[in-house]
Amino acid sequence: MPMPHRTFAQVARRRLTGKEGRERIREVRSLLDELPDYRNGPYADLRKWLLGEIEETRVRSSAVHRDSIAVRREGAAQIALVGAPNVGKSSLLQALSDIQIRTGDYAFTTLRPVPALTRIGGVLVQLVEIPGLIEGATEDRGGGRALLGVLRSADAIVYCARADGDPADLDVVRAEVELAGIDMPAFVAATRADEAPDGAIERLRAACAPLAVVPVSVLDDASLEAFRAAAWALTGLIRVRLRTSGTTDAEPLAVPVGATIADVATAVHKELGATASGGHVWGPSARFDGQLVGRTHVVEDGDVVEIVR
């Protein structure tokens, strides 16, 4: 009995996450060997997708060169960590993921964008540390134009500033981002909050208004969870879990706020989206557990959905 196609797709994406070049191609070929050899339907679509991954990986490998700073998107959303040099972006990225980065108490420790994946409420989200931006970045000081180009492709920004630092340092960064015409959802992470003197966070909030300020310390798990929650709110996504034959998937599906049952079905597979008549819903959007709803029913964060054809 083959693995359900939806489960196989989730497993495949997890196994490919973080892999590139030859390692990624080897993993794709291993997945192809495990895939049922159907000529039509969702398994055939999966085979087509995996074969396309081999070609795309080869193209990326041949195109990447030493001076490239392009970041390949992974996860449900991409959030950029932006700030002046030496404000704790690398330490924060390490605390939120499994990546290891060289850090130091001096400026420009990180010279290229660094992507890493973190899991928020079961969903993988990509964080990208942008090297420190300086005044004149839009005029290419410090390689600013390329860095701003990476930032432009993100879905949201977390501005990073030391809780005990001078708020004016962040003003410089925000001004360069504004000059570049970049406008997206954002908040300010007040890093090293455990070292901040009395009144420092309040001064930063006053200087950064109307942006929210989230105090965070890599030594405080509660503050890291608060950071994750604030970062998730920037994405404009909600988490919906799928239920099949009485079993609920452990890994949620990320869909936009306002998504309907039809949108959820389409996110699983376009054929399912076309044929679904509605679904059973457990959770915030349901009046009672297992409520039968139509295709246009709007789901909410935390819902469990069983698609009905």
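In this report, we go over the structure that sits alongside the text. The structure presented is a predicted model; accordingly, all values stated were derived computationally and were not measured.

Cut-offs applied
Residues numbered from 1 in each chain as written. Predicted model: local features only at pLDDT ≥ 70, side-chain atom pairs only at ≥ 80, totals over all residues. Heavy atoms only, no water. Phe/Tyr/Trp six-rings, centres within 6.5 Å; stacked < 30°, edge-to-face > 60°. Helix = DSSP H or I, 4+ residues; strand = E, 2+ residues; numbered from the N terminus. Buried < 20%, exposed > 50% of the residue type's maximum accessible area, 1.4 Å probe, protein only. Lys NZ or Arg CZ within 6 Å of the ring centre and 35° of its normal. Core = buried A, V, L, I, M, F, W, Y, C linked by side-chain atoms within 4.5 Å. Contact = heavy atoms within 4.5 Å. Axes fitted to C-alpha atoms, helices over the stretch in contact; angles between N-to-C directions. Parallel < 35°, antiparallel > 145°, perpendicular 65-115°, else oblique. Nonpolar A, V, L, I, M, F, W, Y, C, P; charged D, E, K, R; others polar. 1 Å grid on protein atoms, 1.4 Å probe; cavity = no way out; pocket = protein on both sides within 12 Å on 5 of 7 lines; lining within 4 Å. Points joined across faces, edges and corners; volume = space filled by probe spheres on them. Pairing = 2+ DSSP bridges. Expected span 1.5 Å × (residues − 1).

What follows covers the packing of aromatic side chains. This structure, assessed with the given rule, holds 1 aromatic pair. When the centroid spacing of 5.6 Å and the interplanar angle of 70° are considered together, the rings of Phe187 and Phe227 count as edge-to-face. Highlighted residues: Phe187 in strand β5 (residues 186–191) and Phe227 in helix α8 (residues 221–235), separated in sequence by 40 residues. Judged by its relative accessible area of 1%, Phe227 is buried. When the ring centre of Trp49 is taken as origin, the NZ or CZ atom of Arg13, which lies over that ring, is 5.2 Å away.

What follows covers the nonpolar core. In terms of nonpolar packing, the biggest core is built from 57 residues, with Val82, Leu133, Ile157, Val158, Tyr159, Phe187 and Phe227 touching the most fellow members. Tyr159 has contacts with Val82, Leu170, Val173, Arg174, Val177, Ala186, Phe187, Val188, Ala189 and Leu211, leaving out every residue within four places of it along the chain.

A separate point is the packing of helix α4 (residues 89–96) against α8. Relative placement of two packed helices is described by the angle separating their axes and the distance separating the axes. Across the interface, α4 lies against α8 with an axial gap of 11 Å and an inter-helix angle of 90°. Accordingly, the angle class assigned to the pair α4 and α8 is roughly perpendicular. Contacts between α4 and α8 pair Leu92, Ala95 and Leu96 from the former with Leu224, Phe227 and Arg228 from the latter. The residue inventory of the contact of α4 with α8, partitioned by class, reads 5 nonpolar, no polar and 1 charged.

A separate point is the layout of surface pockets. Roughly 1000 Å³ of internal volume is contained in the largest pocket. Lining the largest pocket we find 32 residues, and of these Ala9, Gln10, Arg13, Trp49 and Gly75 sit closest to its centre. For the lining of the largest pocket, the secondary-structure elements that each account for two or more residues are α1 (5–16), α3 (42–63), β3 (123–129), β9 (253–256) and α9 (261–268). Per-class residue counts for the lining of the largest pocket are 14 nonpolar, 5 polar and 13 charged.

Now for the sheet that holds β5. In spatial order, the strands read β2-β3-β1-β4-β5-β6; together these 6 strands make up an open sheet with mixed pairing. One side of each edge strand has no neighbouring strand; the edge strands of this open sheet are β2 (114–120) and β6 (213–215). In this sheet, neighbouring strand axes are inclined to one another by 30° on average, regardless of whether the strands run parallel or antiparallel. Bridge analysis of β5 against β6 gives 3 bridges, and the strand direction is parallel. By the bridge assignment for β6, Ala190 is matched with Pro215. Along the sheet face, helix α6 (residues 167–179) touches β1 (78–83), β4 (156–162) and β5 and points at about 160° away from the line of β4.

Moving on: α6. End to end, α6 covers 19 Å across 13 residues, agreeing with the expected 18 Å (1.5 Å per residue, within 8%). Along α6, the residues classified as buried are Pro167, Leu170, Val173, Glu176 and Val177. Tucked inside the fold, the buried residues of α6 contact β1, α5 (144–152), β4, β5 and α7 (200–208).

Function-wise, these values are silent; they only describe arrangement.
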